Amino acid sequence: MEAIFYIAAIVAVLATVLTVTRLNPVHALLYLTVSLLAVAVVFYTLGAPFMAALEVVIYAGAIMVLFVFVVMLLNLGRHTVDLERSWLSPGAFVGPAILAAILVGEVSYLLARSGTLTPPVAEVGPHQVALALYGPYLLGVELASFLLLGALVGAYHVGSRRAQGRTTVGSRSDRTGLASGGDLVRTGADRPSGAA
Amino acid sequence: MFALGLIGLLVRRNLLFILMAIEVMLNAAGLAFVSAGARWGQADGQVMFLFILTVAAAEVAVGLALLLRLYHRFHSLDVDAASEMRG
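Small disclaimer: the values here were computed from a predicted structure and weren't measured.

## Some points on the overall build of chain B
Moving on, step 1. Of the regular secondary structure elements, chain B holds three helices and zero strands.
Moving on, step 2. Along its sequence from the N terminus, chain B presents helices and strands in the succession α-α-α.
Moving on, step 3. Going through the 87 residues of chain B one by one, you find that 56% of them count as buried.
Moving on, step 4. Counting contacts in chain B only where the partners sit at least 6 residues apart, residues at least 24 apart contribute 46% of the total.
Moving on, step 5. For chain B, the computed accessible surface area is about 3600 Å², with 70% contributed by carbon and sulfur atoms.

Right, here's the structure in full:
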C-alpha cells in the first residue's frame with residue numbers, strides 16, 4: 001500500500017512538471033488530467049475514497065471538459081484542422097499513456113487485492129465527512145452555495161454576447177490589424193502595438 | 001506540487017497555462033488538507049477539500065469566461081496584451 005502511494009505520488013509530480021513545461025495546450029491538458037488521476041489514487045491510499053471519487057468526477061471530469069471545450073472553441077480558423085492534426089499526433093499520447101498505464105496497473109492491483117491490504121492510516125469514510133460537513137461546517141456549505149451561484153451569474157454575464165458587443169466597439173482599430181491568424185499560442189513578440 | 005504550480009504561474013504568459021497552474025496549486029492545497037486529515041484521522045481535512053473543490057470549480061468557470069472575452073478582444077491569450085489599463 002505504501003509502495004502504491006509513492007508510485008502514484010511520483011507519477012503526479014512527473015505529470016505536473018510535464019504540464020507546466022509543455023508548450024502545447026492540448027499536451028499540457030493531457031498531462032494535467034493524468035496528474036489529477038494520480039492525485040485521486042493518492043487520496044485513495046490516504047484513506048479518503050470519497051474524495052478520490054470526487055477528484056475523478058469533478059476535477060478530471062468536469063473541469064478538464066471545460067478546459068478542452070475552451071481550447072477547441074478558441075481557434076476557429078482555416079488552419080485549425082492542420083493544427084489539431086499536429087496536436088493530436090500519436091507521439092503526443094505516448095507520455096500520458098505510459099503514466100496512465102502505471103495508474104491503471106496500481107488500481108487493478110488494488111482491486112485484485114481488495115480486502116487483504118490494510119491502509120497505513122485509518123480510513124475516514126464518507127459517513128464521518130457528511131456528519132462533519134452538515135454539523136459544524138453548515139455555514140461553510142451555505143457560503144459555498146453562494147459562491148457557486150455568484151460564479152454562475154458572473155460567468156454568464158462575462159461570457160454573454162450582449163456585454164461583448166458593448167465593450168468591443170471602442171477597440172475596432174485594434175482588431176482589424178489582428179483579424180488574420182489569431183493563434184492560441186501567440187507569444188509576446190507580436191502582441192498588439194497599442195498594448196505596450 | 002504547490003511550488004510547481006507557482007512556478008508555472010510565474011513563468012508562463014499564456015492565460016490558459018496560468019489557469020492550469022492555478023488548478024495545480026488548488027489541487028496541491030487540497031492534497032495537503034486531505035493528507036493532514038488522514039494523519040490525524042479527522043474528517044475536517046476532507047471537508048476543507050470539498051470547499052477547495054467548490055472554489056476551483058467557480059474559479060475555472062469565471063476564469064475561462066474571462067479568457068474567452070480576452071481572446072475576442074485581443075485575438076491573443078498573452079496576458080501582457082491586456083496591460084493597457086491606464087489609471
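That was the structure; now back to the text.
## Observations regarding the packing of aromatic side chains
Moving on, step 1. One pass over the structure, following the stated rule, counts three aromatic pairs over all chains.
Moving on, step 2. Between Tyr137 of chain A and Phe51 of chain B, the aromatic rings sit 6.3 Å apart at their centres with planes inclined by 65°, giving edge-to-face as the arrangement. Residue Tyr137 of chain A is found in the loop between helix H6 (126–133) and helix H7 (138–159), and its partner Phe51 of chain B is found in helix H3 (residues 44–74); the two belong to separate chains.
Moving on, step 3. The side chain of Arg39 of chain B reaches across the aromatic face of Trp40 of chain B, ending 5.1 Å from its centre.

## Some points on helix H1 (residues 2–21) of chain A
All names here are of chain A.
Moving on, step 1. Helix length check: H1, at 20 residues, gives a terminal C-alpha distance of 29 Å against a target of 28 Å (1.5 Å per residue), a fit within 8%.
Moving on, step 2. Looking at H1, one finds that the buried residues are Ile4, Ala8, Val11, Ala12, Ala15, Thr16, Thr19 and Val20. The arc enclosing the buried residues of H1, seen along the axis, measures out at 160°, which places them on a common side. Opposite the buried face of H1, at more than 90 degrees from it, the exposed residues are Tyr6 and Ile10.

## A few points about the confidence of the model for chain B
All names here are of chain B.
Moving on, step 1. Confidence in the prediction for chain B averages 78 pLDDT; 70% of positions are at 70 or higher.
Moving on, step 2. When pLDDT is averaged over each element of chain B, H3 comes out on top at 85 and helix H1 (residues 2–11) at the bottom at 61.
Moving on, step 3. Per the prediction output, this complex has pTM 0.75; the corresponding ipTM is 0.81.

## Points about empty space enclosed by the protein
Moving on, step 1. This model, assessed by the stated rule, comprises two cavities of 30 Å³ or more.
Moving on, step 2. Estimated volume of the second largest cavity: approximately 30 Å³.
Moving on, step 3. Looking at the second largest cavity, it is lined by 10 residues, and the ones nearest its centre are Val124 of chain A together with Val34, Gly37, Ala38 and Gln46 of chain B.
Moving on, step 4. Looking at which element gives the most residues to the lining of the second largest cavity, the answer is helix H2 (residues 15–40) of chain B, with three residues.
Moving on, step 5. Its residues assigned to classes, the lining of the second largest cavity shows six nonpolar, four polar and no charged.

Calculation criteria
- Residues numbered from 1 in each chain as written.
- Chains lettered and ligands numbered in written order.
- Predicted model: local features only at pLDDT ≥ 70, side-chain atom pairs only at ≥ 80, totals over all residues.
- Heavy atoms only, no water.
- Helix = DSSP H or I, 4+ residues; strand = E, 2+ residues; numbered from the N terminus.
- Buried < 20%, exposed > 50% of the residue type's maximum accessible area, 1.4 Å probe, protein only.
- Contact = heavy atoms within 4.5 Å.
- Areas by Shrake-Rupley, 256 points an atom, 1.4 Å probe, with all protein chains shown as cover.
- Phe/Tyr/Trp six-rings, centres within 6.5 Å; stacked < 30°, edge-to-face > 60°.
- Lys NZ or Arg CZ within 6 Å of the ring centre and 35° of its normal.
- Expected span 1.5 Å × (residues − 1).
- Arc of directions from axis to C-beta.
- pLDDT = per-residue confidence, 0-100.
- 1 Å grid on protein atoms, 1.4 Å probe; cavity = no way out; pocket = protein on both sides within 12 Å on 5 of 7 lines; lining within 4 Å.
- Points joined across faces, edges and corners; volume = space filled by probe spheres on them.
- Nonpolar A, V, L, I, M, F, W, Y, C, P; charged D, E, K, R; others polar.

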